[in-house]
Structure formats: C-alpha cells, structure tokens
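Examination of the molecular architecture
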Amino acid sequence: MKLVLSYISWAGLLARASSFQLHSPPLGYYDCSDRSFSRSAPKLFGVISIDESTSRDIPTMEEWAAACGVQRADGFQLSSEDEYGQNIGVVTTQDLPADSPVLYVPEQMILTSRKSLQEIGRIDAAEKRLVSGKAADHVPQFYLFLKILLEYEKGDASPWYPWLNSLPRYYSSGSSMTPFCFECLPPLASYLAMNERIKFIQFFQALQNVEYMNDGIKRNKELAKFAFAVVYTRGFPTPDGDFRIVPLADMFNHGTETEIVSTYDEEGNYCAYTSRDVPAGSPLRMSYGDSTNPSSLFAKYGFLDETAPGTFCKIMINRPSQELINMGYDHSRMLFYKDTGAVSEEVWDVLLFQLLENNPDQQVLYQAQMNGDANTKRSIHEKYYPQTYAALQNHVDSFLNDLDVLSGKAAGKDINEHPRLPLIMGHNEFVRNTFMAVKANL
C-alpha cells in the first residue's frame, strides 16, 4: 500500500480499517479481538513473565498493531541492535524523502495518563503520598503506571497483551540500579539516577494506597519496577499536559541526529514524519531529550548516548545563586566537547565569576554579561586568564583522579550480581575520554 503525504490519506487508510470496539467493564478498555487476527506465535500463559531474561515477542505485536489499524510506511522495519534481540529499533529499507509519513497509530491504541485517570478515578490517598514526597509533578504518570499494572493483571485478556509481551524486561535506568551502582557513578550521574530510584520508591509506596488493587500485584516490587520503567522509558509528555505511550512508536530509538518528528492530529491519532531525506538502510530515530547532557539520558532511560557531542563539565554547585545561573550555570550549557576538547564559554564565565568573589571586578563581569558587553567581558577574562586556566586545569585533573577511584570500586565485582556495571563503566569511560580531550587541549 503506497502512502502519500497528507493527514487526509492517513485518515483514509484508517477509515478502511475497523476501529477498536468499546466495551464497558468497571475501568473500560478498548478491544480489537473481533478483528481477523490470529497470533502466529504459540499462546503464552495468561500472565506476562517479567523475568529479565524473557524474550520479546515482536512478531505477534506487529500482527496485533496491523489488525488494530496501525499504518506503516513501505520500508518501515523493526530491527534488533544486539545479538539477543533485546534492543529493538526502527530502520527504513527504502529511501524516504523529507516530510514522508512514517507511522500512524489510532488514538484508541494510545495509553495516556488522562484516559487512565478517567478510567480509574482519582485516588486521593495515593496522590497525597506523592505530594508529600515532593512528586506532585508525577501524579499523571502515576495513573498511567496503574493502568499498566491493571492491564498486566488481565493477562492475555488485556487488549494490550501483545504489546506488553513485546517490551523489554531488563532495564538499566536509575530506578533499576542498586545502591552500589550509585557509588560507582560521578556525582551528577549518581544524583540523577538516584532521583529515578527515589521516584520509583514513592510510586511503590503510593501504590499501597490503591485499595482495589490486588495485593499480589501491589506488593510485587519487581512488577512495580517493570511498570514504572515502561512508563518512564516509553512515554512522553505532550504540549497539552498529557503523558502518552504510543505502541509501536515507542520502538523509535534516540538519536542526537534525528530522522523523524512526532505529532498528533485533532482526534488524538499519532503521526510520525521524516524530518529530512532518509536513505535506505538508515535508522529512524527521535529525540528523547537534550543530547548535550548524556548523563540525564543515562539516568532516565538506561543507555549511553555515545553520539552526544559533549557532556556537562561536572562542576557541581549546590543551590547556585541567580547570578550564577545568569552567568551560564546550567548542565546543558557548561559543556566539554569530546571530539575537540573544546570548553564552552559558560564554563569560563562561571569559573571566573566564582574566582572573583569579594573582588569589585565580579560585578563588572556580571553587568557586562547582563548587558551583552562582549568587549568588557573579554578584557576581564584576559586580565584573570592565568587564574581561570589554573582553576580549570585543577578541576580536570581532580575529576580524572575521582574517576580512577570510581573504577577501582567496580574492579573484581561479580557481573552476575551487578549486571549494570558494564554500562556504568562505559558511561565513566565516555566521561574520561571527554576530560582527556579537554586536558590535551588546555
């Protein structure tokens, strides 16, 4: 079936596919079991295995998606990026011009926090627990988390069973790490990963306040960890304040250089288009977030983005003042570049501002920054360059020594007991190589 460029053609394709049929159990769900759909794979037991070694059933999920009205561009193909078939991504086997439609997913298939809340109803005790844990911003995701658990409980009676059974069970995000993992990470990565773990603990504690949930479900910490990882590694916020997981679209991997953009039409159907010309054999990737801060992606999603151009310079300042923020203190702006060893302007600015504490020139520098006075800034930097250079060199050398200590902690540890250590060491090596490039460039 040849796909053309307009939303109208997507809608025409959908019109020729029967929609999900709405049933009315207590929480409500969409069903596509009345379609001419038979699972080619052997039917599994009623409950999905969450054992980390479980294989992902991708073929059955693809049959299910097609039967439920998903439309894919010619050449759209799911491909394994590792020998075990756990890391799945999307590639195109055909040339795709810019602005080509790539994927259409009907609204009824999309799992959202808003629809989950409508189905489940507000749970005041759980929300109060999240608010008390300073996780009020994550209440929408909590209802989507509950939705995943409820669909898991239905087993193969859930209309999302084929999708759930296609998901990875092994995750390396911060919520899945152990206290020892945090000890082996540099301060920023450890802080971000630990925050993910704390957020999971808050979700698990709030879950205990969901009275109608089966005790065997809500007390199963490994199951809760699986549902939490599904929500946070496969879901994304939308401009209207919702949080959505789009089956099949959740197979798009992250890229610093992206090939697709995502959007929703007025009915809430998901559409993906190419953002540029994409030759056959290329991956189709989207952005999961700021690529200048791979530690954030590492903590939230559990992968190392080695294509990132640089990384945060690791100058950690607790509770930076507004003046420091105005000078450029931001994890996404204070960068070391891995290929060139270059240092962003904001690193020099913040270092100098700190060095000039109790010096009248500090306010001269600050006013020059705020007024866009590049000449005055340059003259102050030149005046204090030896001191700023020495401070930066000392920071680089000290941090490289700290990385040696972190690597030493992991030496000799059993990988079976700490399976995420190789990824953590890979992250630390990426940081080391970037710092070594900066050191060679100073």
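For the structure itself, consult the block above.
Residues numbered from 1 in each chain as written. Predicted model: local features only at pLDDT ≥ 70, side-chain atom pairs only at ≥ 80, totals over all residues. Heavy atoms only, no water.

Let's shift gears to the sheet that holds strand β8 (residues 235-237). Strand order in the open sheet formed by 3 strands is β7-β9-β8, and the pairing between neighbours is antiparallel. Two strands close off the open sheet at either side, each with one partner strand: β7 (111-112) and β8. Strand direction decides the pairing type here: β8 and strand β9 (residues 243-245), joined by 3 bridges, are antiparallel. Bridge pairing in β9 places P237 opposite F243. (Pairing = 2+ DSSP bridges. Helix = DSSP H or I, 4+ residues; strand = E, 2+ residues; numbered from the N terminus.)

Our next topic: the layout of surface pockets. Of the volumes computed, that of the largest pocket is approximately 980 Å³. Counting residues per element, the ones that place at least two in the lining of the largest pocket are α10 (221-234), β10 (253-254) and α17 (421-441). Top contributing element to the lining of the largest pocket by residue count: α17, with 3 residues. When its residues are assigned to classes, the lining of the largest pocket shows 12 nonpolar, 11 polar and 9 charged. Of the pockets and cavities examined, the second largest pocket occupies roughly 290 Å³. The wall of the second largest pocket is formed by 19 residues, among which F236, S262, Y264, Y270 and M286 lie closest to the centre. (1 Å grid on protein atoms, 1.4 Å probe; cavity = no way out; pocket = protein on both sides within 12 Å on 5 of 7 lines; lining within 4 Å. Points joined across faces, edges and corners; volume = space filled by probe spheres on them. Nonpolar A, V, L, I, M, F, W, Y, C, P; charged D, E, K, R; others polar.)

Inspection of the entire model under this criterion finds 23 aromatic pairs. For the pair F399 and F435, a centre-to-centre distance of 4.7 Å together with 25 degrees between the ring planes defines the contact as stacked. Placement of F399 in helix α16 (residues 385-410) and of F435 in helix α17 is noted, with a sequence separation of 36 residues between them. Exposure remark for F435: the relative accessible area of 0% places this residue in the buried category. Site record: aromatic cluster; members linked through ring pairs are F142, Y143, F145, F200, F203, F204, F228, Y232 and F243. Across from the ring centre of Y264, 4.3 Å away, lies the NZ or CZ of R244, which sits over that ring. (Phe/Tyr/Trp six-rings, centres within 6.5 Å; stacked < 30°, edge-to-face > 60°. Buried < 20%, exposed > 50% of the residue type's maximum accessible area, 1.4 Å probe, protein only. Lys NZ or Arg CZ within 6 Å of the ring centre and 35° of its normal.)

By themselves these figures say nothing about function.
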